[in-house]
Amino acid sequence: MSRDFDVILWGATGFTGRLVAEYLNETYGVGKDVRWAIAGRNVNKLEALRTELTARNPDAAGLDIIRGDSHDAQSLHQMAARASVICTTVGPYAKYGSKLVAACVAEGTDYCDLTGETPWIQDMIEQHHEGAKEKGCRIVHCCGFDSIPSDMGTHFLQREAKREHGAPLDTIGFYLGKSKGGVSGGTVASMLNIASNIKDPKIRKALMDPYALNPKGERSGPDGRDQMGVQWDEDAQVWTGPFVMASINTRIVRRSNALTDYAYGRDFRYKEVTSRPKGARNYAISQQLAVGQNIFLALAAVGPVRKLMQATILPDPGEGPDEHARVHGYFNIRFVGQGKDRSGNPVKMEARVSGDRDPGYGSTSKMLAESALCLALDKDKLPEQAGVLTPASAMGDALLDRLPTAGLSFSLG
Ligand SMILES: NC(=O)c1ccc[n+]([C@@H]2O[C@H](COP(=O)([O-])OP(=O)(O)OC[C@H]3O[C@@H](n4cnc5c(N)ncnc54)[C@H](OP(=O)(O)O)[C@@H]3O)[C@@H](O)[C@H]2O)c1
């Protein structure tokens, strides 16, 4: 089907959307290899962004601008009908994203986003998985730091395990090592939006259930709740603590397994933790970080405290880490897997995934852009999948091939 654009970037005027636009402009140009356009609710802001992009690359003067407002379903349908892929950074997604997903499914348009909002993704699966399958389109959530390193790192290690040992690994642990980054107002707004609805039993259940994003009837398995405290880990020989994004990333990895007919095995176990090397000082730091995270989450659930934090210490929508922080940021993740080879002998494998910018913005914007391009331009390399998908189930090796361009590296050992 011929469409006007390969990719329309909706939310281009936001903090992260602007970074995606800059990346596309500087890496792929305008009107050359990729036909892309910028979209949002405010045409004046979009014109100002186009002027800024043109200062870096004169071709950006030819960038098309499309108006789309989350409260105007017709504008979203018109936008979705013009592109192969809608790439959206308009969040909180639970507030502004549902009508766009419906429009993309109705128009048979592929879609990718940056949400990490588990209850909303569960809603989208329930409302649209079957419809998207019928239309043959791919709705792909979580194409940023949550959950590409987790999902694609696991896909990578399992692929290598199958090549080397003829079978996938039975367990994989994700250990976040040295990393540096910050948060934006949009991310804070998304976290606080979930916290403000925490009393809703359906939302609580979606947040607590380790298999919340598996297909209905398949929401059980060997994994339990995410780690809350500090523990010594024998497999990785490190101190481990809770990782705030485990509550979305682990659900995405488990959904990838379910959607690929349990390519990692029905009994596959997966966990995510932060890690520090052995030593009393590192144990103490891990304890402090775990307590700090748990206090923050507990306070964010209390309405008046949440509002006070929002008004005083947390960034507003449109704000986020500055260029210096993004460029000097980075992340390092170690994956440790255990399983058995063809003869039933125990095997242990490790992989490393790292990124060359701060995880949440510098790296995330590049991961999202490459996901959109993968959906739009690599169609003949994509797995035969349609529905509400995950990065690994929707794009598999084709995305793995693109991520080095986004500054990510995947290696064994
Ligand atoms: N998964 C990850 O790793 C990751 C990383 C970064 C961000 N995120 C998520 O990405 C989202 C965006 O974050 P951000 O910091 O970029 O947020 P932001 O700066 O607040 O940007 C939000 C964007 O949404 C637009 N918008 C708001 N209401 C709209 C409406 N009614 N119709 C159309 N557009 C509307 C805004 O338009 P205006 O410019 O006109 O106000 C802006 O372009 C958040 O949900 C955040 O959690 C996820």
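Analysis parameters
- Residues numbered from 1 in each chain as written.
- Predicted model: local features only at pLDDT ≥ 70, side-chain atom pairs only at ≥ 80, totals over all residues.
- Heavy atoms only, no water.
- Helix = DSSP H or I, 4+ residues; strand = E, 2+ residues; numbered from the N terminus.
- Rg over C-alpha atoms; globule rule 2.2 N^0.38 Å.
- Buried < 20%, exposed > 50% of the residue type's maximum accessible area, 1.4 Å probe, protein only.
- Contact = heavy atoms within 4.5 Å.
- Areas by Shrake-Rupley, 256 points an atom, 1.4 Å probe, with all protein chains shown as cover.
- Lys, Arg positive; Asp, Glu negative; His and termini not counted.
- Charge placed at Lys NZ, Arg CZ, Asp CG, Glu CD.
- Near = heavy atom within 4 Å.
- Polar contact = N/O pair within 3.5 Å; in protein donor to acceptor, adjacent residues only side chain to side chain.
- Nonpolar A, V, L, I, M, F, W, Y, C, P; charged D, E, K, R; others polar.
- Domains from an automatic or database assignment.
- Pairing = 2+ DSSP bridges.
- Axes fitted to C-alpha atoms, helices over the stretch in contact; angles between N-to-C directions.

Participant: What is the right way to read the overall build of the protein from this model?
Facilitator: Across its full length, the protein holds 15 helices and 14 strands. Since a compact globule built from 413 residues should have a radius of gyration of about 22 Å, the 21 Å found for the protein is in line with a globular shape. Taken along its principal axes, the extent of the C-alpha atoms in the protein is 60 × 50 × 40 Å. When the 413 residues of the protein are sorted by exposure, 54% land in the buried category. Long-range contacts, defined here as pairs at least 24 residues apart, represent 77% of the contacts in the protein between residues at least 6 apart. When the accessible surface of the protein is summed, it comes to about 17,700 Å², and 51% of that surface belongs to carbon and sulfur atoms. With 49 positive and 49 negative side-chain charges, the protein shows a spacing of 4 Å between the two charge centroids.

Participant: Can you walk me through the site of the ligand in this structure?
Facilitator: Close contacts around the ligand come from 32 residues, with Thr13, Arg41, Asp146, Ser184 and Ser190 the closest. Ser70 places a polar side-chain atom, nitrogen or oxygen, 2.8 Å from a nitrogen atom of the ligand. In the model, an oxygen atom of the ligand is placed 2.5 Å from a nitrogen or oxygen of the Ser184 side chain. A total of 930 Å² of accessible area belongs to the ligand in isolation, and the protein chains cover 93% of it. For the shell around the ligand, the class distribution of residues is ten nonpolar, 18 polar and four charged. Both of domain 1 (5-144 + 361-408) and domain 2 (148-359) provide at least three residues apiece to the shell around the ligand.

Participant: Looking at this model, I keep getting lost on the sheet that holds strand E2 (residues 36-40). Mind explaining?
Facilitator: As a general point, the strands of a sheet are linked pairwise by backbone hydrogen bonds and lie either parallel or antiparallel. Pairing within the open sheet is parallel, and its seven strands lie in the order E3-E2-E1-E4-E5-E6-E13. Among the strands making up the open sheet, the edge pair consists of strand E3 (64-67) and strand E13 (387-389). On average, each strand axis in the sheet is tilted by 20° relative to the strand beside it, whichever way the strands run. Pairing of strand E5 (residues 110-113) with strand E6 (residues 138-140) involves two bridges; the strand directions are parallel. Looking at the pairing, Tyr111 lines up with Ile139 of E6. Packing against the sheet, helix H15 (residues 391-402) makes contact with E6 and E13, and its axis sits at approximately 100° to E6.

Participant: Is there a simple way to explain the environment of Thr171 in this structure?
Facilitator: Topologically, Thr171 is positioned in strand E7 (residues 171-176). Measuring from C-alpha to C-alpha, the distance between Thr171 and Val336 comes to 8.2 Å, with 165 residues separating the pair along the chain. Look past the residues within four positions of Thr171 in its chain and what remains in contact with it is Phe268, Arg269, Val336, Gly337 and Gln338.

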